Amino acid sequence: MKVSIESSWKAVLSTEFSKPYFKQLALHLKTEKQQKKVIYPAGKLIFNAFDSTPFTQVKLVILGQDPYHGPGQAHGLSFSVPAGVSPPPSLLNIFKELQTDTGMPIPGSGDLTPWARQGVFLLNASLTVRQAEPMSHAQIGWAFFTDAVIRSLSEKKEHLVFLLWGKFAKEKAALIDSSKHLVLTAAHPSPLSAHQGFLGCRHFSAANQYLVKNGIDPIDWHL
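Predicted model, so just to flag it, every value in this text is computed and none were measured. (Residues numbered from 1 in each chain as written. Predicted model: local features only at pLDDT ≥ 70, side-chain atom pairs only at ≥ 80, totals over all residues. Heavy atoms only, no water.)

Overview of helix 6 (residues 142-156)
1) Next: Taking 1.5 Å per residue, 15 residues should reach 21 Å; helix 6 reaches 21 Å between its end C-alpha atoms and fits that length.
2) Next: Here the buried face of helix 6 lies against helix 1 (7-17), helix 2 (20-34), helix 3 (48-52), strand 2 (60-64), strand 3 (120-124) and strand 5 (161-165). (Helix = DSSP H or I, 4+ residues; strand = E, 2+ residues; numbered from the N terminus. Expected span 1.5 Å × (residues − 1). Contact = heavy atoms within 4.5 Å.)

Here it is as structure tokens:
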């Protein structure tokens, strides 16, 4: 199957695109579009996380669960919204923790593309969703694909930082070799759980300390 995705990722994931589950996934999306269902993000942005952060440049992974399901919000990067769109509550809590942890002012934009361009891989476990139907594509095959992505990062790279926020993300720790990567876990940044261990986790400074210790340029978290 021909998939338009950044070349270093294409080389790593080439076998996935020919597997039956991926063909079925592609057929499912095509069928929903024929049925005039509205799917987010737009087709050209489904692999935006991969195109913005080549496999060769990944330093840190922030794992989300599902794209935003409201108009104009999802653009293929976990927790991120396009410039000009108000940051959703979870992203606001991420910015609050960032300010507390690093002293950085709360950003005026919710577009995390500058992080992605520095090696922050903003991966959602499901890469698509139907409008106004959260988790609507959670069972169509994306999990097989994104689990393979996480395993590939763990196996083929060293000294990555994985930020796993919330119960769903924490379960993905089983795919990661913690002997050669740093895995940091906390509660989800949503208003329902942020005060249960996300706020105060200091993951942003801890991640940069680990990167520097291993001779890797730290992330400039300013947006």
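So, next bit.
Re the nonpolar core
1) Next: Grouped together as the largest cluster of nonpolar side chains are 68 residues, with contacts concentrated most on Phe50 and Phe145.
2) Next: Contact partners of Phe145, with chain neighbours within four places excluded, come to Leu13, Glu16, Phe17, Tyr21, Phe22, Phe47, Phe50 and Leu127. (Core = buried A, V, L, I, M, F, W, Y, C linked by side-chain atoms within 4.5 Å. Buried < 20%, exposed > 50% of the residue type's maximum accessible area, 1.4 Å probe, protein only.)

Quick word on the packing of helix 1 against helix 6
1) Next: It is at 11 Å that the axes of helix 1 and helix 6 come closest, and there the two elements cross at 135 degrees. The angle between the axes of helix 1 and helix 6 places the two elements in the oblique class. Between helix 1 and helix 6 the crossing geometry is right-handed. In contact with Trp9, Val12, Leu13, Glu16 and Phe17 of helix 1, helix 6 contributes Phe144, Phe145, Ala148, Val149, Ser152, Leu153 and Lys156. (Axes fitted to C-alpha atoms, helices over the stretch in contact; angles between N-to-C directions. Parallel < 35°, antiparallel > 145°, perpendicular 65-115°, else oblique. Left-handed = near helix turned anticlockwise from the far one by under 90°.)

Re the pattern of salt bridges
1) Next: Here the structure, examined in full by the defined rule, presents six salt bridges.
2) Next: The shortest N-O distance in the salt bridge between Arg130 and Glu133 comes to 2.9 Å.
3) Next: On the basis of relative accessibility, which here comes to 15%, the residue Arg130 falls in the buried class.
4) Next: Lys167 is paired through a salt bridge with Glu171; the nearest N and O atoms lie 2.9 Å apart. Linking Lys167 with Glu171, this pair stays in helix 7 (residues 167-171), spanning four residues, or about one helical turn.
5) Next: Look at Lys167 and you get exposed, because its relative accessible area is 65%.
6) Next: It is possible to trace a salt-bridge network through shared partners that takes in Glu32, Arg130 and Glu133. (Salt bridge = Lys/Arg side-chain N within 4 Å of Asp/Glu carboxyl O.)

Concerning the packing of helix 2 against helix 6
1) Next: The contact between helix 2 and helix 6 brings their axes to 9 Å, and the two run at 130 degrees. Considering their axes alone, helix 2 and helix 6 lie oblique with respect to each other. The crossing of helix 2 and helix 6 is left-handed. Where helix 2 abuts helix 6, its residues Tyr21, Phe22, Leu25 and Leu29 lie against Trp142, Phe144 and Phe145.
2) Next: When its residues are assigned to classes, the contact of helix 2 with helix 6 shows seven nonpolar, no polar and no charged. (Nonpolar A, V, L, I, M, F, W, Y, C, P; charged D, E, K, R; others polar.)

Some thoughts on unusual backbone geometry
1) Next: Look at the link from Tyr40 to Pro41: it is a cis peptide, with omega at -10 degrees.
2) Next: Positive phi, close to 65 degrees, is recorded for Met135, a residue that is not glycine.
3) Next: Tracing the backbone shows Met135 in the loop between strand 4 (129-130) and helix 6.
4) Next: Residue classification places Met135 among the partly exposed residues on the basis of a relative accessible area of 34%.

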